[in-house]
Amino acid sequence: VKTSYEDPSMGGLFGYAIASAGDKVLIGAFKANGAASEEGVFHVYDADSGVLLQTVPNPHPAGGDWFGIEIAVYDDRYALVGAPRDSPNGAAYLYDLEDYSLLAEFVNPDPAGYDSERFGENLIWAGDAVVISAWRDEGYEGSVYIFEGFVPEPATLLLLPLGGLAVLRKKRRK
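Report on the accompanying structure. Keep in mind that what you see is a predicted model, and the values were worked out from it rather than measured. (Residues numbered from 1 in each chain as written. Predicted model: local features only at pLDDT ≥ 70, side-chain atom pairs only at ≥ 80, totals over all residues. Heavy atoms only, no water.)

Using the criterion set out here, one finds four salt bridges in the structure. Between Glu-98 and Arg-77 there is a salt bridge, with its nearest N and O atoms 3.6 Å apart. Of this pair, Glu-98 sits in the loop between strand S7 (91–96) and strand S8 (101–107) while Arg-77 sits in the loop between strand S5 (71–74) and strand S6 (78–83), placing them 21 residues apart in sequence. Given a relative accessible area of 29%, Arg-77 falls into the partly exposed group. A salt bridge links Arg-118 to Glu-121, with the nearest nitrogen and oxygen atoms 3.2 Å apart. Using a relative accessible area of 11% as the deciding quantity, one classes Arg-118 as buried. With a relative accessible area of 16%, Glu-121 lands in the buried category. Taken together, the shared-partner salt bridges in this structure form one network comprising Arg-77, Asp-96 and Glu-98. (Salt bridge = Lys/Arg side-chain N within 4 Å of Asp/Glu carboxyl O. Helix = DSSP H or I, 4+ residues; strand = E, 2+ residues; numbered from the N terminus. Buried < 20%, exposed > 50% of the residue type's maximum accessible area, 1.4 Å probe, protein only.)

So this is what it looks like as structure tokens:
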């Protein structure tokens, strides 16, 4: 089955990022235009039929956000979607793929305040941790942030710096 976005003017590098979630295929189009230029979207297709199930728009659309440049899936139910040029320092968004609701937003915990550090351009799930890079952080020296013990629900996180690597742990409630 060949799947392509049906409106070429809105394609926006359709297929740059792809991920699977059970019987669904997620396809990023990070340069898709909506209300703003290159705000980005991701599409969810049925893996067997190629039928478009949902187009998920950028939750905070602004020109050049590049939402959908990277997609990671956890437990065939949750999608983490990068937006590395989300003003001013990048972001990543967590979605529930059952109802496409936005569950959480990850923002750069140590922003430098200049042009995007590209936080969210590269991201993965590693067990129960979310790993997000900011490769332009510290003048291109780069940083990687690990959100440990993350359960796919909004969480309060605590930053513990370790040189170029930061480990973020969910705060324990007493």
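Read across the open sheet, the four strands follow the order S5-S6-S7-S8; overall the sheet is antiparallel. Each having just a single partner strand, S5 and S8 make up the two edges of the open sheet. For this sheet the average axis-to-axis angle between neighbouring strands, irrespective of direction, equals 20°. As judged from the four bridges shared by S5 and S6, these two strands associate in the antiparallel manner. Paired with Ala-72 across the strands is Leu-80, a residue of S6. (Pairing = 2+ DSSP bridges. Axes fitted to C-alpha atoms, helices over the stretch in contact; angles between N-to-C directions.)

Before going further, it helps to spend a moment on the sheet that holds strand S1 (residues 17–21). Ordered by their spatial adjacency, four strands build an open sheet running S1-S2-S3-S4, and the pairing between neighbours is antiparallel. Only two strands of the sheet have a single neighbouring strand rather than two, namely S1 and strand S4 (52–57). Going across the sheet, the axis of each strand differs from the next one's by a mean of 20°, ignoring polarity. Looking at chain direction, strand S2 (residues 24–29) and strand S3 (residues 41–46) are connected through six bridges and run antiparallel. Following the sheet pairing, Lys-24 is matched in S3 by Asp-46.

The values are spatial; any link to function lies outside them.
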